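Here is how the chains run, residue by residue.
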Amino acid sequence: MAACATENHFTPDAPWNFMVEYEVGAYPAVKKIYNTMNCMHCEAPPCKAACDAMGAKAISKNQFGVVLVDYNKCLGCGNCVAVCPYGTISLNREVRDLNPGLGKAGAETIPAKDRHPTHRKKARVAEKCTFCAHKLDKAVADGKVNLIGLAQEYTPACDIVCPTQARVFGNIDDPNSEISKRIAATGAKQIKKQFGTGPQVYYVLEEGALS
Ligand code: SF4
Ligand code: SF4
């Protein structure tokens, strides 16, 4: 979450990546479970359908199936927020370019026109995880698509910093990719699958965890 906030400058009112915690079991045999949440980049995203129905057409999918919001087309109506089963898209209330306490540093010194479109922030628009689309686009520009999920500069920030390698990012359409092997080996599952949106994030769930 911290890495994503630093990389993508989200504000607390519109988090791109956050933790949810809940308890399972009955006292005294209870335990706390933590789930990290971000956009599931659904195969059939209801947020996109809701946005299309509004006529805004601000939500699209890129060549990797990543669901993206065009801030310049967004009307701020919030319909996408209402229909997302995962609660992972939000309307922001403000734009904060500076991380408190860090001062002006790194990407924040880059003029907006030179930033990736997902980092040209606007107020009162829908925001969410992009799977660090700026890094994926850089991989395409550099001709290094084969290094997505392997080289740091082409891999989402949340994946890079995870100290236990709990997060793996890659191409689930390739049965030989690391992510496909991990899903097969661990029996990782999509959550809230019953909504039929085809989430593209898989979880290794503990026994008793919500699914
Ligand atoms: S998880 Fe929510 S925001 Fe992400 S693609 Fe699915 S419906 Fe849209
Ligand atoms: S808030 Fe923006 S992205 Fe969401 S449905 Fe409305 S116009 Fe589309």
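Here, residues in each chain are numbered from 1, in the same order as that chain's written sequence. Here chains are named by letter from A upward and ligands by number from 1 upward, in the order in which they appear as written. Two thresholds apply to this predicted model, a pLDDT of at least 70 for residue-level local features and 80 or more for giving and counting side-chain atom pairs, whereas whole-chain, interface and lining totals are computed over all residues. Calculation of side-chain values draws on the structure's entire complement of heavy atoms; hydrogens and water are dropped beforehand.

Asks: Explanation requested: the nonpolar core in the structure shown.
Replies: In globular proteins that are soluble, nonpolar side chains generally tend to be buried together. The set of buried Ala, Val, Leu, Ile, Met, Phe, Trp, Tyr and Cys residues whose side-chain atoms join them within 4.5 Å is what this entry labels a nonpolar core. A simple rule labels every residue: compare its accessible area, found with a 1.4 Å probe on the protein chains alone, to the largest value its type can have, and call it buried under 20%, exposed over 50%, or partly exposed in between. Ranked by internal contacts, the top residues of the largest apolar core, which has 37 residues, are Met37, Met40, Ile59, Val69, Tyr86, Ile89 and Phe131. Numbered from the N terminus, helices here are DSSP runs of H or I no shorter than four residues, and strands are runs of E no shorter than two. Broken down by secondary-structure element, the contributors of at least two residues to this core are helix H1 (2-8), helix H2 (46-54), strand S4 (67-69) and helix H4 (133-141).

Asks: Help me out: how do you make sense of unusual backbone geometry in this one?
Replies: Going from tyrosine 27 to proline 28, the amide bond is cis rather than trans, its omega being 5°. Tracing the sequence through the fold places proline 28 in the loop between strand S1 (17-26) and strand S2 (29-38). Its identity is not glycine, yet phenylalanine 131 carries a phi of approximately 55°, on the positive side. Along the chain, the position of phenylalanine 131 falls in the loop between strand S6 (126-128) and H4. You can call phenylalanine 131 buried: its relative accessible area is 16%.

Asks: Mind showing me how you'd approach the site of ligand 2 here?
Replies: The rule for a residue being near a molecule or strand is that one of its heavy atoms must lie within 4 Å of it. Residues in contact with ligand 2, as listed here, are Cys51, Ala56, Ile59, Cys74, Leu75, Gly76, Cys77, Gly78, Cys80, Leu91 and Ala126. Gly falls in the polar group here, along with every residue not listed as nonpolar (Ala, Val, Leu, Ile, Met, Phe, Trp, Tyr, Cys, Pro) or charged (Asp, Glu, Lys, Arg). For the shell around ligand 2, the residue count by class is nine nonpolar, two polar and no charged.

Asks: What am I meant to see in the environment of threonine 88 here?
Replies: Here threonine 88 shows up in the loop between helix H3 (79-83) and strand S5 (89-91). Along the primary structure threonine 88 and alanine 188 are separated by 100 residues, whereas in three dimensions their C-alpha atoms are 20 Å apart. Residue contacts are counted whenever heavy atoms from the two residues lie within 4.5 Å of one another. With near-sequence residues (within four places) excluded, threonine 88 lies in contact with Phe18, Met37, Asn38, Cys39, Met40, Glu127 and Lys128.

Asks: Mind showing me how you'd approach the site of ligand 1 here?
Replies: Taken together, 14 residues form the shell around ligand 1, and within it Cys39, Met40, Cys42, Cys47 and Cys84 come nearest. Partitioned by chemical class, the residues of the shell around ligand 1 number 11 nonpolar, two polar and one charged.

Asks: Whenever I open this one, the side chain of aspartate 159 confuses me. Can you help?
Replies: Along the polypeptide, aspartate 159 turns up in helix H5 (residues 157-161). Within polar-contact distance, the side chain of aspartate 159 engages the backbone nitrogen of phenylalanine 169 at 2.9 Å. Among all residues touching aspartate 159, those that are not within four sequence positions of it are Arg167, Val168 and Phe169. Distance and chemistry together define a polar contact, namely a pair of N or O atoms within 3.5 Å, with one atom able to donate a hydrogen and the other to accept it when in protein, and with adjacent residues in sequence counting only for side-chain atoms on both sides.

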